[in-house]
Amino acid sequence: MTCLACGSTATRHWATAKDVEYCSTPESFDYLRCADCDALSISPVPRGRLGEIYPDTYYSFSPGKLSVAERIKQALDRRTFAKLFGGVAGDQLSALDVGGGAGWLLTQAKAVEPRLAHTQVVDIDGSAQDAARTAGHDFFLGRIEDFETDARFDVILMLNLIEHVDDPVAVLAKVRGLLKPGGRVLVKTPNHDSLDARLFREHSWGGLHAPRHWVVFTPESFRKAAAKASLAVERLSLTQGAPFWAVSALEWLSRKGAVSIRRDRPMCDHPLFGPLLAIFGGIDLIRGRFQRTSQMFVELRAT
Ligand SMILES: [Zn+2]
């Protein structure tokens, strides 16, 4: 019963959650909260069950179709990138996207950063390989832990990834070793110190993405984990957690008998999912001015 973020054994039960999004298994999964660093860890870690808990319908594996929400997200990403690359010196820059699929984020980055000359994707999804190469990105098929290269990167993107691993400090240390001097790592990950986490704690809160999120941080616990990997937080900003709200709200509606959820289709295919994303995106935009929201962007540099 150790904390995946800091190794402490001072953990206490926080929630029990089911896979309400993909129904990959009817089982319940326990999440523990660490008294030392405040991170949540799944326990036990379902390490040997990746094929089962990441079904073929899993969204990361189906690139190509862009929804309205994703297009809006893209516009935001361009702003984030402009800021991120603006802080890095050099005439020719290189970037790595860990878990980048077909490399569409790097393609976005190239559109706003003409100095970006070399782009690399590391992903476990073999079906993304051809599309990534066609788009001009180098592609390594496998986990970041197994990626060996002499190349070093000015910018490393690790969006919605660190919460899926069983040793986040080791992964952060790995990417730190791949950074050029002066380089930056951009991480996006859930934050459980937020209203939706508190409201839906007992009902498979969307941010747990159970059983696929193995460790869920707060800004403070993430800062500690990064420091262990010799990375310092340059900038941390909370951002809207609409996907987590939408999952939790749909689960609530189905629990109340107001809507029916098909168990053979991912929850994000439900006709109400898109409208709920838009509603909660708007709510979080306002709420985010005075309260913590449930996703964060963290920009890191080597110490
Ligand atoms: Zn801990």
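Computed from a prediction, not measured in an experiment: that's the story for all the values here. (Residues numbered from 1 in each chain as written. Predicted model: local features only at pLDDT ≥ 70, side-chain atom pairs only at ≥ 80, totals over all residues.)

> Help me out: how do you make sense of the overall build of the chain in this one?
Secondary structure summary: the chain contains 9 helices and 11 strands in total. Across its three principal directions, the C-alpha atoms of the chain cover 60 × 45 × 40 Å. (Helix = DSSP H or I, 4+ residues; strand = E, 2+ residues; numbered from the N terminus.)

> Help me understand the packing of helix H8 (residues 242–255) against helix H9 (residues 273–287), please; the structure alone is not making it clear to me.
What describes two packed helices is the angle between their axes and the distance between those same axes. Contact geometry for H8 and H9: axes closest at 8 Å, N-to-C directions at 125°. On the basis of the axis angle, H8 is oblique to H9. Relative to H9, the crossing made by H8 is right-handed. Contacts from Ala 242, Pro 243, Trp 245, Ala 246, Ala 249 and Leu 250 in H8 reach Phe 273, Leu 276, Leu 277, Phe 280, Gly 281 and Asp 284 in H9. Tallied by class, residues from the contact of H8 with H9 come to 10 nonpolar, 1 polar and 1 charged. (Axes fitted to C-alpha atoms, helices over the stretch in contact; angles between N-to-C directions. Parallel < 35°, antiparallel > 145°, perpendicular 65-115°, else oblique. Left-handed = near helix turned anticlockwise from the far one by under 90°. Contact = placed C-beta atoms within 7 Å. Nonpolar A, V, L, I, M, F, W, Y, C, P; charged D, E, K, R; others polar.)

> Honestly, the sheet that holds strand E1 (residues 11–18) in this entry has me stumped. Any pointers?
Two modes of strand pairing occur in sheets, parallel and antiparallel, and in both the strands are linked by backbone hydrogen bonds. Strand order in the open sheet formed by 4 strands is E1-E2-E3-E9, and the pairing between neighbours is antiparallel. Of all strands in the sheet, those with a lone pairing partner are E1 and strand E9 (215–216), marking the two edges. Here 7 bridges tie E1 to strand E2 (residues 28–34), and the two strands are oriented antiparallel to one another. What sits directly across from Ala 17, in E2, is Phe 29. (Pairing = 2+ DSSP bridges.)

> Honestly, unusual backbone geometry in this entry has me stumped. Any pointers?
Among all residues save glycine, negative phi is the norm, and among peptide bonds the norm is trans. Geometrically, the link from Ser 43 to Pro 44 is a cis peptide bond, its omega value of -5° lying close to zero. Along the chain, the position of Pro 44 falls in the loop between strand E3 (40–43) and helix H1 (50–53). Between Ala 210 and Pro 211 the backbone carries a cis peptide bond, its omega angle lying at 0°. The topology assignment puts Pro 211 in the loop between helix H6 (195–199) and E9.

> Sorry, what's going on with the environment of His 209 here?
If you trace the backbone, His 209 turns up in the loop between H6 and E9. Sequence separation between His 209 and Ala 5 is 204 residues, and the spatial gap between their C-alpha atoms is 17 Å.

> Help me understand the environment of Gly 274 in this model?
When you line up the elements, Gly 274 lands in helix H9. Along the sequence, Gly 274 and Val 216 sit 58 residues apart, while their C-alpha atoms lie 24 Å from each other.

> Help me understand the sheet that holds strand E7 (residues 153–159), please; the structure alone is not making it clear to me.
Here we have 7 strands laid out as an open sheet, ordered E6-E5-E4-E7-E8-E11-E10, and mixed in their pairing. Both outer strands of the open sheet, strand E6 (138–141) and strand E10 (231–239), are each paired with one neighbouring strand and no more. When strand polarity is set aside, the average angle formed by the axes of neighbouring strands in this sheet is 15°. Packed on one face of the sheet, helix H5 (residues 168–177) meets strand E4 (93–98), E7, strand E8 (179–190), E10 and strand E11 (295–302) and runs near 150° to E8.

> Please clarify how helix H7 (residues 219–228) should be interpreted in this entry.
Residues separated by three or four positions in an α-helix point in the same direction, a consequence of the helix having 3.6 residues per turn. Those residues of H7 lying buried are Ser 221, Phe 222, Ala 225 and Ala 226. One side of H7 carries all its buried residues, which in axial view fall inside an arc of 140°. Against H5, E8, E10 and E11 lie the buried residues of H7. Two residues or fewer after H7 comes Ser 230, characterised by a positive phi angle close to 60°. (Buried ≥ 20, exposed ≤ 12 C-beta atoms within 10 Å, placed from the backbone. Arc of directions from axis to C-beta.)

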